[in-house]
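Chains, contacts and geometry: an overview
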Amino acid sequence: MAVGNSLAAQKQQKTGLTAYLTQDAVKKQINSVVGGKNGTRFISSIVSAVQTTPALQECSNSSILSAALLGEALNLSPSPQLGQYYMVPFKNKKKGTSEAQFQIGYKGLMQLAQRSGQYLDIDAIEIHEGEYLGRDKFTGKQKFEFIEDDDERETLPVIGYLACFELLNGFRKSIYWSKRKMQEHADKYSNAFSLKVAELIAQGKIPESEMWKYSSFWYKNFDEMARKTMLRQLFQKYGAPMSIDMVRAIDSDMAVINEDGMPDYVDNDQKEGEIVEEQEFKEVKQPDQATVQEEAEQTKAPKTETADHGNIEDDFFNN
């Protein structure tokens, strides 16, 4: 009986969404962005995306539409297989409703960068065990050597992440983080991710029946979230050229898009299991004086986490 009620509720929500998308006012809104000829294709893509993500069926129709319209305006596909952008369910406790957040995927960021016409090459990849050779003792730059056999490479554990770009004018930069640093980044900036929980999952100490509680993308697809994070860090660190669409996608990432097109960054104070995805960057509170003094002492030591990577750039772009 419970299963029957659940299926009935899903069917009702699906019908509600379809009816919502075919209302005259909504169709007019869709046509203003998509155009009349592509309206049917757009509606079908939304319905398909909702069907493949059951939790989306509980989200407000307006938030689903707004997220999809932004993706359409950026000329990106909501197909999970393409990974360009996602409509991610989020339980907003302040409103007492479930809403769909817009989340740009790393493939979407790469697509927008390529369309800008300023990049000769751009990518974000995993670094596997045996590929990191340490730092050059004279320059301090990190050295890498890629394993040529892809089958062998994929059997080795991931130890870090690399993002690189090269502009048409020859300017190129790269950035590398260890996997541990990425895990600590996720633990710090994501309320839905816990490094301790991730370690328990890796050790198989959390029963499969309880995995539904840990539905954050950081748990479900850590490598994909890491690649996107590396691209964002790369853009921010080196001031890489970004088109209007790239800026819009990054500014709207992990936000609920209002009907007027403005992003609403939801304060994620939910407990684990109550949200499906999280906002990656949150407002940083002002530290107290003791914290400031402690951080000042730490900055006296040489920094080695984000050094320039000349050798890896040569290897990466020549492959």
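Residues numbered from 1 in each chain as written. Predicted model: local features only at pLDDT ≥ 70, side-chain atom pairs only at ≥ 80, totals over all residues. Heavy atoms only, no water.

1. Observations concerning the overall build of the protein chain
- For the protein chain, the count of helices and strands is 13 helices and nine strands.
- For the protein chain, the proportion of its 319 residues judged to be buried stands at 44%.
- Sequence separation of 24 or more characterises 67% of the internal contacts of the protein chain that already satisfy a separation of 6 or more.
- Accessible surface for the protein chain amounts to roughly 17300 Å². Of this, 50% is attributable to carbon and sulfur atoms. (Helix = DSSP H or I, 4+ residues; strand = E, 2+ residues; numbered from the N terminus. Buried < 20%, exposed > 50% of the residue type's maximum accessible area, 1.4 Å probe, protein only. Contact = heavy atoms within 4.5 Å. Areas by Shrake-Rupley, 256 points an atom, 1.4 Å probe, with all protein chains shown as cover.)

2. Points about a negative patch on the surface
- Together, Glu 145, Glu 148, Asp 149, Asp 150, Asp 151, Glu 152 and Glu 154 give the surface a local cluster of negative charge.
- Residue position: Glu 148 is located in the loop between strand 5 (142-144) and helix 6 (150-155). (Patch = residues over 30% accessible without salt bridge, like charges linked within 9 Å, V, L, I, M, F, W, Y side chains within 5 Å. Salt bridge = Lys/Arg side-chain N within 4 Å of Asp/Glu carboxyl O. Lys, Arg positive; Asp, Glu negative; His and termini not counted. Charge placed at Lys NZ, Arg CZ, Asp CG, Glu CD.)

3. Details of the environment of Met 262
- Within the secondary structure, Met 262 sits in the loop between strand 8 (255-257) and strand 9 (263-264).
- Sequence separation between Met 262 and Asp 251 is 11 residues, and the spatial gap between their C-alpha atoms is 9.9 Å.
- In this structure, Met 262 is in contact with Val 256 and Ile 257, ignoring residues within four places of it in sequence.

4. A short note on the packing of aromatic side chains
- Enumeration according to the criterion identifies 13 aromatic pairs in this entry.
- Both rings, one in Phe 193 and one in Phe 222, keep their centres 6.1 Å apart while their planes meet at 40°; by these two values the pair is tilted. Of this pair, Phe 193 sits in the loop between helix 7 (179-189) and helix 8 (195-202) while Phe 222 sits in helix 10 (residues 222-238), and the two are 29 residues apart along the sequence.
- Taking the relative accessible area as the measure of exposure, Phe 193 reaches 4% and is therefore buried. (Phe/Tyr/Trp six-rings, centres within 6.5 Å; stacked < 30°, edge-to-face > 60°.)

5. Comments concerning the pattern of salt bridges
- Under the criterion given, the structure shown has seven salt bridges.
- Here Glu 126 and Arg 227 are joined by a salt bridge, their closest N and O atoms 1.9 Å apart. Separated by 101 residues along the polypeptide, Glu 126 in strand 3 (residues 119-128) and Arg 227 in helix 10 bring together distant segments of the chain. Take Glu 126 and Arg 227: they sit in the same class, and that class is buried.
- Residues Glu 199 and Arg 180 are paired through a salt bridge, measuring 3.1 Å at the closest nitrogen-oxygen approach. Here Arg 180 lies in helix 7 and Glu 199 lies in helix 8, a separation of 19 residues in the sequence.
- The partly exposed category is assigned to Glu 199, whose relative accessible area is 33%.
- Salt bridges sharing partners connect three or more residues here, namely Arg 180, Glu 184 and Glu 199.

6. What about the sheet that holds strand 3?
- On the basis of which strands lie adjacent, the open sheet formed by three strands has the order 3-6-7 and antiparallel pairing. At either end of the open sheet lies a strand with only one pairing partner, and these are strand 3 and strand 7 (172-178). The mean angle between the axes of side-by-side strands here comes to 10°, regardless of whether they run parallel or antiparallel.
- Judged from the seven bridges that link them, strand 6 (residues 158-167) and strand 7 form a sheet pairing that is antiparallel. (Pairing = 2+ DSSP bridges. Axes fitted to C-alpha atoms, helices over the stretch in contact; angles between N-to-C directions.)

7. Focus: helix 8
- All of the buried residues along helix 8 are Leu 195, Val 197 and Ala 198. In an axial view of helix 8, the angular spread of the buried residues amounts to 160°, which keeps them on one side of the axis.
- Among the structural elements, helix 7 and helix 9 (217-220) are those in contact with the buried residues of helix 8.
- Among the residues trailing helix 8, Gly 204 stands out with phi positive, at a value near 70°. (Arc of directions from axis to C-beta.)

8. So, the confidence of the model for the protein chain
- Confidence in the prediction of the protein chain, expressed as mean pLDDT, is 78, and 77% of residues score 70 or more.
- When the elements of the protein chain are averaged for pLDDT, helix 12 (residues 289-298) gives the smallest value, 44, and strand 6 the largest, 95.
- This stretch, residues 267-310, has a pLDDT under 50; its non-local contacts, to residues over four places away or in other chains, come to 90 contacts. (pLDDT = per-residue confidence, 0-100.)

9. Description of the packing of helix 3 (residues 39-52) against helix 4 (residues 61-73)
- Running from N to C, helix 3 and helix 4 cross one another at 120°; their axes reach a closest spacing of 11 Å. Classified by the angle their axes make, helix 3 and helix 4 are oblique. The hand of the helix 3/helix 4 crossing is right-handed. Between helix 3 and helix 4, the residues in contact are Arg 41, Phe 42, Ile 46 and Val 50 and Ile 64, Leu 65, Ala 68, Leu 69 and Glu 72, respectively.
- Among the residues forming the contact of helix 3 with helix 4, the class breakdown is seven nonpolar, no polar and two charged. (Parallel < 35°, antiparallel > 145°, perpendicular 65-115°, else oblique. Left-handed = near helix turned anticlockwise from the far one by under 90°. Nonpolar A, V, L, I, M, F, W, Y, C, P; charged D, E, K, R; others polar.)

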